[in-house]
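Chains, contacts and geometry: an overview
Listed below are the residues making up each chain.
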Amino acid sequence: MTTKTAIVVGAGIIGACLAYRLARAGLHVTIVDAGQAHNGASGGSWAWLNAVSAGDKSYFDLRQASLAAYHDLEKELSGRLKIDWTGALIWDPGLYSPKVVNAPQKNWGGNVKTVTADEIRALEPLLTSPPDGALFSADDGLVDGAYATRTLIEAAQSIGARCAFGRRVKSMIHENDRITGVQTDFGALYADVTVLAAGTGISDLLAEHAIPLPTANRAGLLITTAPVTKRMTRALWSDTVHVKQLSDGRLVIGENDHAPGALDNPEATITQMIETTQKLLPALGMLSVERTTIATRPIPGDGFPVIGAIPSLHGAYIAMMHSGFTLAAITAKLLSQEILNNEESPLLAPYRLSRFAQ
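The structure reproduced in this document is the subject of the present report.

Considerations on the overall build of the protein chain
- Across its full length, the protein chain carries eight helices and 19 strands.
- The C-alpha atoms of the protein chain give a radius of gyration of 20 Å, which matches the 21 Å a tight globule of 358 residues would have.
- Expressed along its principal axes, the backbone C-alpha trace of the protein chain runs to roughly 65 × 40 × 40 Å.
- Split into buried and exposed, the 358 residues of the protein chain put 55% on the buried side.
- Accessible surface for the protein chain amounts to roughly 15300 Å². Of this, 48% is attributable to carbon and sulfur atoms.
- In the protein chain, the 30 positive side-chain charges and the 34 negative ones have mean positions that sit 4 Å from each other.

So this is what it looks like as C-alpha cells:
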C-alpha cells in the first residue's frame, strides 16, 4: 500500500521531528495532541544531546548517530534550532568514577576524556571549587527544549503538516486487521499510518489491544531562572544538580534523584537546588526563579527506547524513549525510512516493542 497520509500522536520533540521528516517526504501529516506543542515532558526537559550516558555499545552508536542527524537537521533548518555544541562537564557518580573506566572511553569513538581539577577550571572558569576529576564530553549539544520543539513543528507546518491540538486521543481505530487512524474526543481522524509518540500516554493506547509495555516513568523538576549577566562556557552535570545556560542568559537547572514525596511539596526542593547552584557557581550571584516545571519522563521498563512497527497492529508504529531529546533526530530519520520504504535499520534492531512480548 502506498503511504500518503500519517497521524503523529504527540507534539513533543519526538512527534515534532517525525512530523517534519514525514512531511518533508511528501506525506500529508496531522499532529494530534491533547495540549499544545511541548506540553509534556519535552517542555520540562533539560534537553541535553549526548552519547556519554549510554550504558552499552549499541545504545552509544544510536545516540552518536542522532548527534550526527542533529547536525544535518541544523543545516536543513538554517540554524533555527540554535543548538549549542560547547559540550558538558560530568561528575555525576552514575556516569563518572575516577576508579572505573567510563563506557564511552572503551574505544567506542566518542569525543570524551577525563579531566583534572585544573583542566575543569580552564573549561569552566565560573566553577571556582571544581571536583578532583570529571568527564568532558566535547561533542554534546544543548537546546531550549520548548523552543526546539516549537521550531520543528513550525517547520513541519511550513511544508504542509496540520496540527490538531486540544484533541485527546482516546483509542486507535482497528479495521480489517489494520490501524486506520485514531478516535479523539472531537471525533475520528483517519490515515494510512499512525505513529504513537505520546510519551507516557502510549501504554494506555496499547493496553486496549493487550500489548504489554512495561514502564519506569519518573517525574523530574526543572527550574528556569531569570537571565544573569555572567556566561557559562559548558554545561555541568554534577553530583547534585545539572546546570546549563541559554543564549538569553537564563539558567536551566535540573535535579538529580529526589527523595520519595519530594515533589508533592516542591518548594523546599526548589530552594535547595537554587542554593546548591549558587554555591557551585558563586560568580553568577543571586538567582531568581522565573518558572518551574514538573514533568513525567516516559521511560520503557528496561530503560531503552521502543521504536518501530507494532507487530500485531498493521499501520501502527511506536516511538517512546528517554532521552527523547538526544534520540529524536535519528528516530525521525530511521522510522520515517521504515514507514516509507520498509527499510529496517540495524541500529533499531535492539529496540523493538517485540522484546517485551518475550
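Notes on the state of the cysteines
- Within this structure, the stated rule accounts for zero disulfides.
- Left unpaired, Cys 17 is separated from the closest cysteine sulfur, that of Cys 163, by 14 Å.
- Residue classification places Cys 17 among the buried residues on the basis of a relative accessible area of 2%.

Side note on the sheet that holds strand S1 (residues 5-9)
- Spatially, S8-S2-S1-S12-S19-S18 is the arrangement adopted by the six strands of the open sheet, whose pairing is mixed. Lying at the two open borders of the sheet, with one neighbouring strand each, are strand S8 (162-165) and strand S18 (306-309). Mean inter-strand twist for the sheet, computed between neighbouring axes without regard to direction, equals 20°.
- With four bridges connecting them, S1 and strand S12 (residues 193-196) associate as parallel partners. Considered in S12, the bridge of Val 8 is made with Val 195.

Re the packing of aromatic side chains
- If you walk through the whole model with that rule in mind, you get six aromatic pairs.
- Judged by centre distance (5.2 Å) and plane angle (65°), the rings of Trp 46 and Trp 237 are edge-to-face. Residue Trp 46 is located in the loop between strand S2 (28-33) and strand S3 (48-49), and its partner Trp 237 is located in strand S14 (residues 235-237); the two are separated by 191 residues in the primary sequence. Side by side, Trp 46 and Trp 237 carry an identical accessibility label, which is buried.
- When the ring of Tyr 59 is compared with that of Tyr 351, the centres are 6.0 Å apart and the planes differ by 50°; the resulting orientation is tilted. Remark: Tyr 351 occurs in the loop between helix H7 (324-341) and helix H8 (354-357) and Tyr 59 occurs in helix H2 (residues 57-76); sequence separation between them is 292 residues.

Points about the environment of Arg 121
- One can find Arg 121 in helix H3 (residues 117-123).
- Residue classification places Arg 121 among the partly exposed residues on the basis of a relative accessible area of 38%.
- Spatially, the C-alpha atom of Arg 121 lies 48 Å from that of Ile 339, the residues being 218 residues apart in sequence.
- If we skip the residues at most four places from it in the chain, Arg 121 touches Leu 127, Thr 128 and Pro 130.

Thoughts on the pattern of salt bridges
- Applying the stated rule across the entire model yields ten salt bridges.
- Across the pair Lys 57 and Asp 61 runs a salt bridge whose closest N-O atoms are separated by 2.9 Å. Of the two residues, Lys 57 and Asp 61 are both situated in helix H2; the distance of four residues between them amounts to about one turn of the helix.
- By relative accessible area, Lys 57 is classed as partly exposed at 36%.
- A salt bridge links Arg 121 to Asp 118; the shortest N-O distance between them is 2.9 Å. Placement of both Arg 121 and Asp 118 in helix H3 is noted, with a separation of three residues, approximately one turn of the helix.
- Overall, the relative accessible area of 56% leaves Asp 118 in the exposed class.

Description of the side chain of Glu 255
- Its location among the elements puts Glu 255 in strand S16 (residues 251-255).
- Although Glu 255 lies buried, it forms no salt bridge, and the closest oppositely charged side chain, Arg 297, sits 5.0 Å away as judged by the N-O distance.
- In this structure Glu 255 touches Ala 219, Gly 220, Leu 221, His 242, Leu 263, Thr 269 and Met 273, once residues within four positions along its chain are discounted.

Focus on helix H4 (residues 145-158)
- An ideal rise of 1.5 Å per residue puts 20 Å on 14 residues; H4 measures up with 20 Å between its terminal C-alpha atoms.
- Buried residues of H4: Gly 145, Ala 146, Ala 148, Thr 149, Thr 151, Leu 152, Ile 153, Ala 155 and Ala 156, and no others.
- For H4, the N-terminal capping position is held by Asp 144, with its side-chain oxygen 3.3 Å away from the main-chain nitrogen of Ala 146.
- The first or second residue beyond H4 is Gly 160, which carries a positive phi of 115°.

Concerning the nonpolar core
- Of all hydrophobic cores here, the largest spans 56 residues; its most connected members are Val 29, Tyr 70 and Leu 152.
- Sorting the residues of this core by element identifies S1, helix H1 (13-24), S2, H2, H4, S12, strand S19 (316-320) and H7 as the ones contributing at least two each.
- Every residue in contact with Leu 152, bar those within four places of it in the chain, is listed here: Ile 13, Ala 16, Cys 17, Tyr 20, Leu 73, Leu 77 and Leu 81.
- Core analysis: the second largest hydrophobic core is formed by 41 residues, Leu 127, Val 228, Ala 235 and Leu 284 among them.

Quick notes on the rules
Residues numbered from 1 in each chain as written. Predicted model: local features only at pLDDT ≥ 70, side-chain atom pairs only at ≥ 80, totals over all residues. Heavy atoms only, no water. Helix = DSSP H or I, 4+ residues; strand = E, 2+ residues; numbered from the N terminus. Rg over C-alpha atoms; globule rule 2.2 N^0.38 Å. Buried < 20%, exposed > 50% of the residue type's maximum accessible area, 1.4 Å probe, protein only. Areas by Shrake-Rupley, 256 points an atom, 1.4 Å probe, with all protein chains shown as cover. Lys, Arg positive; Asp, Glu negative; His and termini not counted. Charge placed at Lys NZ, Arg CZ, Asp CG, Glu CD. Disulfide = S-S within 2.5 Å. Pairing = 2+ DSSP bridges. Axes fitted to C-alpha atoms, helices over the stretch in contact; angles between N-to-C directions. Phe/Tyr/Trp six-rings, centres within 6.5 Å; stacked < 30°, edge-to-face > 60°. Contact = heavy atoms within 4.5 Å. Salt bridge = Lys/Arg side-chain N within 4 Å of Asp/Glu carboxyl O. Expected span 1.5 Å × (residues − 1). Polar contact = N/O pair within 3.5 Å; in protein donor to acceptor, adjacent residues only side chain to side chain. Core = buried A, V, L, I, M, F, W, Y, C linked by side-chain atoms within 4.5 Å.

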